[in-house]
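Close look at the chain arrangement
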Amino acid sequence: MTKRILLPLAVAALVCVLAGPWILVKYVEGAPDPLLKLPSERHPATVGMDGTWVVVPGSGDAAQRSQAGYRADQALLWETVTVSGRTTGVTGSLTVVGGSLQSATFAVEVASIQSPHHGRDNKFRSQDVMDTGKFATAQLKIADPVDLSAVPDDGAPASMQIAAALTLKGVTRQAAVRLDVQRSGDHVVVVGQIQLNFADYNISPPSPPAGILQVQPIASVEFLVNLAQQPA
């Protein structure tokens, strides 16, 4: 009788162990935020590129609002979980002279970045990770002038890679930024991604007990900004 009871219990325990990570990924974590992308609807540019441009909220479509955040992978036993967090707390401006980007600086309110999980957000803001009590913002600043002549005026996107200085948790490093740029009516829309190593910025990813879940050391910063030209 004891064996008859123990065998089903052992099988049930084994099923729970095997299926647990899959259940967590599918039903608890859920899908991460979709990758940011340029609007599919295209409009020819109605203004020139030269001038000063500032970040504006953008359209009413939440997916096309100015925003920034992170994307990281977590290894949960044999399952990989991709997590993300976003904020619309993005400000900044850039200056274009003679078709060349001469300066650009953007700031993100790191403490306002949110994911679907309150506990993860609290850990994200902690001293070990982003220490937002001391370092409330992150900053991105271009390192060298950028030729924008390849950005068409018919609403078609252009892709490029530029060098920039990224500051996270008070540490500034040179970073390669992948950009998709689109001129649309009297606005410019820019989507960008930056890969980074947590250790380069003195960031210690969360490490739960027993090593069941491990945050991968490489993550991505991602952003979408809508830019409006300032009056001359």
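A short tour of the structure in this document, coming up. (Residues numbered from 1 in each chain as written. Predicted model: local features only at pLDDT ≥ 70, side-chain atom pairs only at ≥ 80, totals over all residues. Heavy atoms only, no water.)

**Notes on the overall build of the protein chain**
Of the regular secondary structure elements, the protein chain holds 2 helices and 11 strands. Its helices and strands in sequence order give the protein chain the pattern α-β-β-β-β-β-α-β-β-β-β-β-β, from N to C terminus. Counting the 232 residues in the protein chain, one finds 40% classified as buried. Partitioning the contacts of the protein chain with sequence separation of at least 6, the portion at a separation of at least 24 is 67%. Of the roughly 12600 Å² of accessible surface on the protein chain, a fraction of 58% belongs to carbon and sulfur atoms. (Helix = DSSP H or I, 4+ residues; strand = E, 2+ residues; numbered from the N terminus. Buried < 20%, exposed > 50% of the residue type's maximum accessible area, 1.4 Å probe, protein only. Contact = heavy atoms within 4.5 Å. Areas by Shrake-Rupley, 256 points an atom, 1.4 Å probe, with all protein chains shown as cover.)

**Examining empty space enclosed by the protein**
Applying the stated criterion across every chain yields a total of 1 cavity of 30 Å³ or more. Here the largest cavity defines a volume of roughly 250 Å³. If you trace the largest cavity, you find 22 residues lining it, with Leu94, Leu101, Phe106, Leu179 and Val190 closest to the centre. Class assignment of the residues belonging to the lining of the largest cavity gives a composition of 21 nonpolar, no polar and 1 charged. (1 Å grid on protein atoms, 1.4 Å probe; cavity = no way out; pocket = protein on both sides within 12 Å on 5 of 7 lines; lining within 4 Å. Points joined across faces, edges and corners; volume = space filled by probe spheres on them. Nonpolar A, V, L, I, M, F, W, Y, C, P; charged D, E, K, R; others polar.)

**Focus on the pairing of strand E8 (residues 158-168)**
With respect to burial, E8 is a largely interior element, 8 of its 11 residues being buried. Examined bridge by bridge, strand E6 (residues 137-142) and E8 share 4 bridges and lie antiparallel to one another. In the strand pairing of E8, Lys141 is matched with Ala165. Where E8 lies against strand E9 (residues 171-184), 11 bridges are found, and the strand directions are antiparallel. The residue of E9 that forms the bridge with Gln161 is Arg178. (Pairing = 2+ DSSP bridges.)

**Considerations on unusual backbone geometry**
Its identity as a non-glycine residue notwithstanding, Asp131 has a phi of 45°, on the positive side. With respect to the element layout, Asp131 can be found in the loop between helix H2 (118-124) and E6. Given the relative accessible area of 14%, Asp131 is considered buried.

**Some thoughts on the pattern of salt bridges**
Tallying each qualifying case throughout the model produces 3 salt bridges. For the salt bridge of Arg71 with Glu222, the shortest nitrogen-to-oxygen distance reads 3.1 Å. Here Arg71, found in strand E2 (residues 67-76), pairs with Glu222, found in strand E11 (residues 213-229); they are 151 residues apart in sequence, far enough to count as distant. The exposure class assigned to Arg71 is buried, which follows from its relative accessible area of 13%. For Asp128, the salt bridge identified is with Lys123, shortest N-O distance 3.8 Å. If you follow the salt bridges from partner to partner, you end up with Arg71, Arg86 and Glu222 in one network. (Salt bridge = Lys/Arg side-chain N within 4 Å of Asp/Glu carboxyl O.)

**Some thoughts on the packing of aromatic side chains**
The full count for this structure, using the stated rule, is 1 aromatic pair. Taken together, a centroid distance of 5.0 Å and an interplanar angle of 20° make the contact between Tyr70 and Phe124 stacked. Placement of the pair is Tyr70 in strand E2 and Phe124 in helix H2, with a sequence separation of 54 residues. Residue Tyr70 shares its accessibility class with Phe124, and that shared class is buried. (Phe/Tyr/Trp six-rings, centres within 6.5 Å; stacked < 30°, edge-to-face > 60°.)

**As for the environment of Phe198**
Looking at the secondary structure, you find Phe198 in the loop between strand E10 (187-197) and E11. For Phe198 and Pro217, which are 19 residues apart along the polypeptide, the C-alpha to C-alpha distance reads 5.8 Å. Ignoring sequence-local partners within four residues, the contact set of Phe198 consists of Ile203, Pro205, Val215, Gln216, Pro217 and Ala219.

**Considerations on the side chain of Thr87**
Position of Thr87 among the secondary structure elements: in strand E3 (residues 79-87). A distance of 2.5 Å separates the side chain of Thr87 from the side chain of Ser112, its partner in a polar contact. (Polar contact = N/O pair within 3.5 Å; in protein donor to acceptor, adjacent residues only side chain to side chain.)

**So, the environment of Thr167**
Judged by relative accessible area, which is 17%, Thr167 ranks as buried. Measuring from C-alpha to C-alpha, the distance between Thr167 and Ala138 comes to 5.5 Å, with 29 residues separating the pair along the chain. For Thr167, the side chain forms a polar contact with the side chain of Thr172, separated by 2.6 Å.

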